[in-house]
Amino acid sequence: MTAFNTLPLKPALLTSVETLGYSEMTPIQAQSLPAMLEGRDVIAQAQTGSGKTAAFGLSLLQSLGVETIRLQALVLCPTRELADQVSKAIRKLAANIPNVKLLTLCGGMPLGPQLASLTHDPHIVVGTPGRVQEHLKRGSLHGGGIKVLVLDEADRMLDMGFSEAIDDIVGRIAKHHQTLLFSATYPDEIREVSRRLQRNPVEITVEAPTDTKPAIEQQFIDVDPNRKLDALAQLLTGERGQHALVFCNMRRDVDAVAEELDRRGFSALALHGDMEQRDRDEVLVQFANRSCSVLIATDVAARGLDITALPLVISYDVAHDPDTHTHRIGRTGRAGQTGLAITLCTPREQPKAENIEQVLGRPLAWHPLKISPPRGKTLNLAPMKTLVIDAGRQDKLRPGDILGALTGDAGLKADDVGKIDVFATRAYVAITRSLANRALERLRAGKIKGRNLRVRSLH
Ligand code: AMP
């Protein structure tokens, strides 16, 4: 009884589910969808990867009346990255329902274009609490017709200090609405939010089945503080450094490590909270499309990212507390793949490592690392390079248009074109590194969708 067609879903949604290749429901979907479709409030403990987005996405699309031009569903997410992903997922599910208008409203983006796109109410808004609150306050968004409110990754929204904004939002939307709350953890604050905002909710917890628990190999390496960078470079050389995340405790080390790795011939980029949203986007796009092989981040900056299942995670410094350490290593080895988590530890950091050992409840696996003398600059470049096109969704540019221009006029093979990300006003496309310059020249000389668009290459 886990087929989607056992649910009372609109045929258009069943078609989408089929097109997406979802043959049966995930446990969280099987448990939560029947209650959600009945209109009940639901509180669900669900991790990324559980299929929670499709669960609430299907439910809110089922109750949507497209002919009514009003905001009917509001999804609040902790970060812009998550909001973008959720929007994408809902758009895919809505692909067979004509005229669904969905808008993503996040902080860190200019207000003007958002106001311009709000001249007609969208049916669905996905956004971060602060910005959504601002639009409701200004009256550029109207919450009176909201039927469904989704709080996605509620624990992270509380961690990020969005509690007041959420309460204020709830006070500004229709009194009678369904509240769906998803959270990876259930601290007391979440229970309190549920008590405040939900009516008689159905509670759902899905245990991760033990046989699909990820296999993570943890290694600890003793290093001399002066040889840390050499150790890191050595660990990243070769196959396993093709897609790795490196954590530093301090922001200034993130920049320094990224610069030094870049100097040594790696495709490495830094990510920290001080960066402009656009720069963050570009770093993430490049890491995801394999134009950057090593991402160096602070814990805070990495929080909002949906990057998991990486083959290698390295702690350049031992995390200050065992919880942070656990978060770090959880970035590797998801979904049945084995991951490697390496922690570099200087003698001064030993007490922190012992702390982790205690929480872990078993001895740490120490591995010797013989650091070979640096051999000068060796190239460890990522396989792809990113081109940026100065046009996006607002210009009705679609991935197919870009692929068409590259394989048509520019003469590339489809295999040499990687991931294509189209944002509101810009688009990014990954090209096999050795062909990137040629593709750039050809795109500049030719047209995309019949127009001459500005194209440049990143880094
Ligand atoms: P989420 O937990 O929402 O981030 O979803 C994780 C991934 O699972 C996404 O890539 C979805 O496309 C995929 N997914 C969601 N539901 C199903 C399903 N019933 N069968 C297979 N894949 C699914």
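A quick note: this is a predicted structure, and the numbers were derived from the prediction, not measured. Along every chain, residues carry numbers that run from 1 in the direction the sequence is written. Local features are withheld for residues below a pLDDT of 70 in this predicted model, meaning they are given only at 70 or higher, and side-chain atom pairs are given and counted only at 80 or more; totals for whole chains, interfaces and linings count all residues. For the side-chain quantities, the full set of heavy atoms in the structure was used; hydrogens and water were omitted.

Enquirer: Give me the lowdown on the overall build of the protein chain, citing residues and values where you can.
Expert: For helices the rule is a DSSP run of H or I covering at least 4 residues; for strands it is a run of E covering at least 2, with both sets numbered from the N terminus onward. Within the protein chain, the regular secondary structure consists of 17 helices and 17 strands. For the radius of gyration, the atoms used are the C-alpha atoms, and the globule rule reads 2.2 Å times the number of residues raised to 0.38. Against the globule reference of 23 Å for 459 residues, the protein chain gives a C-alpha radius of gyration of 23 Å, in line with a compact fold. Structurally, the protein chain occupies a C-alpha span of about 70 × 60 × 45 Å along its principal axes. Think of it in three bands: with a 1.4 Å probe and only protein chains considered, a residue is buried below 20% of the maximum accessible area for its type, exposed above 50%, and partly exposed in between. Here the protein chain holds 459 residues, and the buried ones make up 52% of them. Any two residues having at least one pair of non-hydrogen atoms within 4.5 Å are treated as being in contact. Counting contacts in the protein chain only where the partners sit at least 6 residues apart, residues at least 24 apart contribute 75% of the total. To measure how exposed things are, a 1.4 Å probe is used in the Shrake-Rupley method; for residues, cover is taken only from the protein chains shown. When the accessible surface of the protein chain is totalled, it reaches about 21300 Å², and 51% of it is carbon and sulfur. Here the protein chain holds 57 positive side-chain charges and 53 negative ones, and the gap between their average locations is 6 Å. A residue counts as positive if it is Lys or Arg and as negative if it is Asp or Glu; His and the chain ends are not included. By convention, the charge on Lys lies at NZ, on Arg at CZ, on Asp at CG and on Glu at CD.

Enquirer: Could you give an account of the nonpolar core, with specific residues and numbers?
Expert: One finds F56, L60, L61, V75, I90, I124 and V126 to be the most contacted residues of the largest nonpolar core, which totals 40 residues. Broken down by element, the residue count for this core peaks at six residues, all from helix α3 (residues 52–62). The residues contacting I90, other than those within four sequence positions of it, are F56, G57, L60, L61, V75, L102, I124 and V126. Put simply, a nonpolar core is a bunch of buried Ala, Val, Leu, Ile, Met, Phe, Trp, Tyr and Cys residues held in one set by side-chain atoms that sit within 4.5 Å of each other. L103, L141, M157 and I173 belong to the second largest nonpolar core, which has 27 residues in total.

Enquirer: Could you give me a rundown of the site of the ligand, with the residues and numbers involved?
Expert: The rule for a residue being near a molecule or strand is that one of its heavy atoms must lie within 4 Å of it. The local shell around the ligand holds 13 residues, among which Y22, Q29, G49, G51 and T53 are the closest. Here a polar contact is taken to be a pair of N or O atoms separated by no more than 3.5 Å, where protein atoms must pair a possible hydrogen donor with a possible acceptor and residues adjacent in sequence count only if both atoms sit in side chains. Here a nitrogen atom of the ligand sits 2.8 Å away from a polar atom, N or O, in the side chain of Q29. Within the side chain of T53, a nitrogen or oxygen atom sits 2.5 Å from an oxygen atom of the ligand. Isolated, the ligand exposes 500 Å² of accessible area, and the fraction of that covered by the protein chains is 65%. Charged residues are taken to be Asp, Glu, Lys and Arg, nonpolar residues to be Ala, Val, Leu, Ile, Met, Phe, Trp, Tyr, Cys and Pro, and polar residues to be all remaining types, Gly included. Taken together, the residues of the shell around the ligand sort by class into three nonpolar, eight polar and two charged.

Enquirer: Which residues make up the packing of aromatic side chains, and what values go with them?
Expert: Note on aromatic pairs: the rings of Phe, Tyr and Trp (six-membered ring only in Trp) are paired at centre separations within 6.5 Å, and the planes decide the class, stacked below 30 degrees, edge-to-face beyond 60, tilted for the rest. Tallying each qualifying case throughout the model produces four aromatic pairs. Between F56 and F182, the ring centres sit 5.3 Å apart and the planes meet at 55 degrees, which makes this aromatic pair tilted. One end of the pair, F56, is in helix α3; the other, F182, is in strand β6 (residues 178–183), and 126 residues separate them in sequence. What makes F56 buried here is its relative accessible area of 0%. Pairing F220 with W366 gives two aromatic rings, centres 5.5 Å apart and planes at 55 degrees, and the pair type is tilted. Of this pair, F220 sits in strand β8 (residues 216–222) while W366 sits in the loop between α15 (350–360) and β14 (384–389), and the two are 146 residues apart along the sequence. Given a relative accessible area of 36%, W366 falls into the partly exposed group. Charge-over-ring placement is defined geometrically: NZ (Lys) or CZ (Arg) within 6 Å of the ring centre, and within 35 degrees of the ring normal. The ring centre of Y316 lies 4.7 Å from the NZ or CZ of K228, which sits over that ring. It is R426 that lies over the ring of F423; its NZ or CZ is 5.8 Å from the centre.

Enquirer: Please provide a residue-by-residue account of helix α2 (residues 27–37), values included.
Expert: Taken as a whole, α2 has its buried residues at I28, Q29, S32, L33, A35 and M36. With its phi angle positive at about 90 degrees, G39 sits one or two positions after the end of α2.

Enquirer: I'd love a proper account of the packing of α3 against helix α4 (residues 80–93), names of residues and values included.
Expert: Viewed as axis vectors pointing N to C, α3 and α4 meet at an angle of 50 degrees, and their least axial separation amounts to 10 Å. The angle between the axes of α3 and α4 places the two elements in the oblique class. For α3 against α4, the interelement crossing comes out right-handed. Mapping the contact onto sequence places T53, A54, F56, G57, L58, L60 and L61 in α3 and V86, A89, I90 and L93 in α4. Its residues assigned to classes, the contact of α3 with α4 comprises nine nonpolar, two polar and no charged. Each axis is a line fitted through C-alpha atoms, taken for helices only over the stretch in contact, and angles between the N-to-C directions span 0 to 180 degrees. Convention used here: angles under 35 degrees read as roughly parallel, angles over 145 as roughly antiparallel, angles from 65 to 115 as roughly perpendicular, and any remaining angle as oblique. What makes a crossing left-handed is the near helix being turned counterclockwise from the far one by less than a right angle; a clockwise turn instead makes it right-handed.

Enquirer: Which residues make up helix α16 (residues 399–407), and what values go with them?
Expert: Because each turn of an α-helix spans 3.6 residues, side chains separated by three or four positions in sequence point in the same direction. Where α16 is concerned, the buried positions are D401, I402, A405 and L406. Take α16 and look down its axis: the buried residues cluster within an arc of 130 degrees, on one side only. For α16, the secondary structure elements touched by its buried residues are β14, β15 (417–422), β16 (427–432) and α17 (436–445). Taking the helix axis as origin, the arc is that swept by the directions to the C-beta atoms.

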